[in-house]
Amino acid sequence: NAGVTQTPKFQVLKTGQSMTLQCAQDMNHNSMYWYRQDPGMGLRLIYYSASEGTTDKGEVPNGYNVSRLNKREFSLRLESAAPSQTSVYFCASSTGAATNEKLFFGSGTQLSVL
Amino acid sequence: ELKVEQNPLFLSMQEGKNYTIYCNYSTTSDRLYWYRQDPGKSLESLFVLLSNGAVKQEGRLMASLDTKARLSTLHITAAVHDLSATYFCAVSFTGTASKLTFGTGTRLQVTL
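Here's a quick rundown of the structure.

1. Thoughts on the overall build of chain B
No. 1: Secondary structure assignment for chain B yields zero helices and eleven strands.
No. 2: Tracing chain B from N to C terminus, the helices and strands come up as β-β-β-β-β-β-β-β-β-β-β.
No. 3: Radius of gyration (C-alpha) of chain B: 13 Å, near the 13 Å computed for a compact globule of 112 residues.
No. 4: Its C-alpha atoms give chain B principal-axis dimensions of about 40 × 30 × 20 Å.
No. 5: For chain B, with 112 residues in total, the buried portion stands at 47%.

So, in structure tokens, the structure goes:
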């Protein structure tokens, strides 16, 4: 089972460049999330989508946009990358309904902005 | 402000020893998660604790939740090298798995 698939795994950008991180899940989950992880810190929520067609800001949304393309796919876009966006990005998904729901994470994208 | 604090941040322990990782949070919540992350890898769900007094165990790890004290513990029994990883607690303040607030993590190193 693929679970949550993220692409690319690594990316180097120059300041001001744009890019889109892709995420797809094959578990028929309703909710999807984008987190960033910085050294020595826990994960911080950027955006999430509780269900297809809806998106909401998380803790650190500035500089990012998201698209819930369909139930399977949730993309994260950096319009004008900045060095402060150097981080490891994780996509996750969950059922969004069960009382003991848990998040399933992708393998991460390591992004460096020079 | 929503805060989730873990301690210790780093823990080096010998195989066979017992130890506890603590997770304190600042605001009422009835849903707490524990995750494991190996270096360079993604996060793996360990436990979901949903109510006061909840206790879950798997192998050498046992997690508990005290919602009145706003405290969760992850107890390690007779540590083995394979448990070396970073452990995160995460708290939901919304009643669902959305908008989790993560602690800073506890890096556990089990030495032979």
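2. Some details on the state of the cysteines
Structurally, a disulfide amounts to a covalent bond that connects the sulfur atoms of two cysteines.
No. 1: Per the stated rule, a full pass over the model turns up two disulfides over all chains.
No. 2: Paired by a disulfide, C23(A) and C91(A) hold their sulfur atoms 1.8 Å apart. Its S-S torsion of approximately -75° makes the covalent link between C23(A) and C91(A) left-handed. Taken together, the positions of C23(A) in strand β3 (residues 19-25) and C91(A) in strand β9 (residues 87-94) put the pair 68 residues apart, joining distant regions of the chain. Neither residue differs from the other here; C23(A) and C91(A) are each classed as buried.
No. 3: Each sulfur in the disulfide pair C23(B) and C89(B) lies 2.0 Å from the other. Looking down the S-S bond of the C23(B) and C89(B) bridge, the torsion is 80°, so its handedness is right-handed. Note that C23(B) is positioned in strand β3 (residues 19-25) and C89(B) in strand β9 (residues 85-92), a separation of 66 residues in sequence.

3. A look at the interface of chain B and chain A
No. 1: The interface is formed by 19 residues belonging to chain B together with 21 residues belonging to chain A.
No. 2: When chain B packs against chain A, close to 1500 Å² is buried across both sides, 58% of that on carbon and sulfur atoms.
No. 3: The interface formed by chain B and chain A includes zero salt bridges.
No. 4: Seen at the junction of chain B and chain A, the total is three residue pairs in polar contact (both at pLDDT 80 or more).
No. 5: Elements represented by at least two residues in the side of chain B that touches chain A include exactly β4 (32-37), β5 (43-49) and β10 (100-102) of chain B.

Rules and cut-offs
- Residues numbered from 1 in each chain as written.
- Chains lettered and ligands numbered in written order.
- Predicted model: local features only at pLDDT ≥ 70, side-chain atom pairs only at ≥ 80, totals over all residues.
- Heavy atoms only, no water.
- Helix = DSSP H or I, 4+ residues; strand = E, 2+ residues; numbered from the N terminus.
- Rg over C-alpha atoms; globule rule 2.2 N^0.38 Å.
- Buried < 20%, exposed > 50% of the residue type's maximum accessible area, 1.4 Å probe, protein only.
- Disulfide = S-S within 2.5 Å.
- Contact = heavy atoms within 4.5 Å.
- Buried area = accessible area lost by both parts, 1.4 Å probe.
- Salt bridge = Lys/Arg side-chain N within 4 Å of Asp/Glu carboxyl O.
- Polar contact = N/O pair within 3.5 Å; in protein donor to acceptor, adjacent residues only side chain to side chain.

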